[in-house]
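# Fold and contact review
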Amino acid sequence: MSADHRLTAVIVLPCTELSIGSWTRVSSTEKGKQHDLLAYVCEARRRLTWYVHYHEEDVEHCVKMDIPFDSVADISLTQVTVDTAQASILLSRPPVFYMEARSPEAGRMWMPCGDWTANQEASSVLRHDLSGAYAPLTYLWKRLRSERHASPPALYAPPAPSPSIPIPRAPPQDFLG
């Protein structure tokens, strides 16, 4: 496998809703806009990712947040119906935020950015609730529980500022809220 994460295999977990504090994102059922909210696991990078594709008129934005496996403090799974469930994930530190940038030279790439959730909820609220199909969320629950038992969650230490890497400003608060 390549070190380039764009070429690294992932396991996609279709989901219908992601809630972090008062911020909630519901997946679209509108034709052509499906898959605007996805969760995926990358075993090679040991990451869980929330991916949001935001459509509005002629403007599209893609953002994501990465959650290292070792920052998952706990996970619980509640079966809501025969086919649906909710996974509640408690983190030991905030996720890392990215926005997609496009350029003719480099093509599409992910750039670090600030918290793009409304009121920067995901930087301070460390409980993430993900709703979706029962089978994929059961896989996620089992995978993260096994990881948690293999290595305890790392303690959160805020990253030191790095002036050598310009970090784009976060989109306006109502960007995805």
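First, a word on scope: everything that follows refers to the structure included in this document. (Residues numbered from 1 in each chain as written. Predicted model: local features only at pLDDT ≥ 70, side-chain atom pairs only at ≥ 80, totals over all residues. Heavy atoms only, no water.)

### Considerations on the pairing of strand S8 (residues 96-103)
Taken together, the six bridges between S8 and strand S9 (residues 107-112) define a ladder with antiparallel strand orientation. Note on S9: the bridge partner recorded for Met99 is Met111. Counted along the chain from S8 to the antiparallel partner S9, the turn is three residues long. (Pairing = 2+ DSSP bridges. Helix = DSSP H or I, 4+ residues; strand = E, 2+ residues; numbered from the N terminus.)

### Description of the pattern of salt bridges
Using the criterion set out here, one finds six salt bridges in the structure. Note that Asp74 is salt-bridged to Arg145, the shortest N-O span being 3.5 Å. Remark: Arg145 occurs in helix H2 (residues 134-150) and Asp74 occurs in strand S6 (residues 72-79); sequence separation between them is 71 residues. Residue Glu100 is joined to Arg108 by a salt bridge in which the shortest nitrogen-to-oxygen separation is 2.6 Å. Judged by its relative accessible area of 15%, Glu100 is buried. (Salt bridge = Lys/Arg side-chain N within 4 Å of Asp/Glu carboxyl O. Buried < 20%, exposed > 50% of the residue type's maximum accessible area, 1.4 Å probe, protein only.)

### Observations concerning the packing of aromatic side chains
Under the counting rule described, the total for this entry stands at three aromatic pairs. Ring geometry for Trp23 and Trp116: centres 5.8 Å apart, planes at 75 degrees, overall edge-to-face. Of this pair, Trp23 sits in strand S2 (residues 23-26) while Trp116 is found in the loop between S9 and helix H1 (121-124), placing the two residues 93 residues apart along the sequence. Each member of the pair, Trp23 together with Trp116, is buried. An angle of 90 degrees between the planes, with centres 6.2 Å apart, marks the rings of Phe97 and Trp116 as edge-to-face. With a gap of 19 residues between them, Phe97 in strand S8 and Trp116 in the loop between S9 and H1 connect regions that are remote in the sequence. Taken as a pair, Phe97 and Trp116 share a single burial class, namely buried. Each residue in the set Trp23, Phe97 and Trp116 is aromatic and connected to the rest through ring pairs, giving one cluster. (Phe/Tyr/Trp six-rings, centres within 6.5 Å; stacked < 30°, edge-to-face > 60°.)

### Describing the side chain of Asp66
Among the secondary structure elements, Asp66 is positioned in strand S5 (residues 59-68). For Asp66, the side chain forms a polar contact with the side chain of Arg45, separated by 3.2 Å. What Asp66 contacts, discounting residues up to four positions off in sequence, is Arg45, Arg47, Leu48, Thr49, Pro95, Val96 and Tyr98. (Polar contact = N/O pair within 3.5 Å; in protein donor to acceptor, adjacent residues only side chain to side chain. Contact = heavy atoms within 4.5 Å.)

### Quick look at unusual backbone geometry
For residues that are not glycine, phi is negative in most cases, and the peptide bond is trans in most cases. Even without being glycine, Asn119 reaches a positive phi, approximately 60 degrees. Within the fold, Asn119 resides in the loop between S9 and H1. The class of Asn119 is partly exposed, set by a relative accessible area of 48%. Backbone geometry at Gln120 places phi at a positive 50 degrees, although glycine is not the residue there. Following the sequence through the fold, Gln120 ends up in the loop between S9 and H1. Overall, Gln120 belongs to the partly exposed group, its relative accessible area being 29%.

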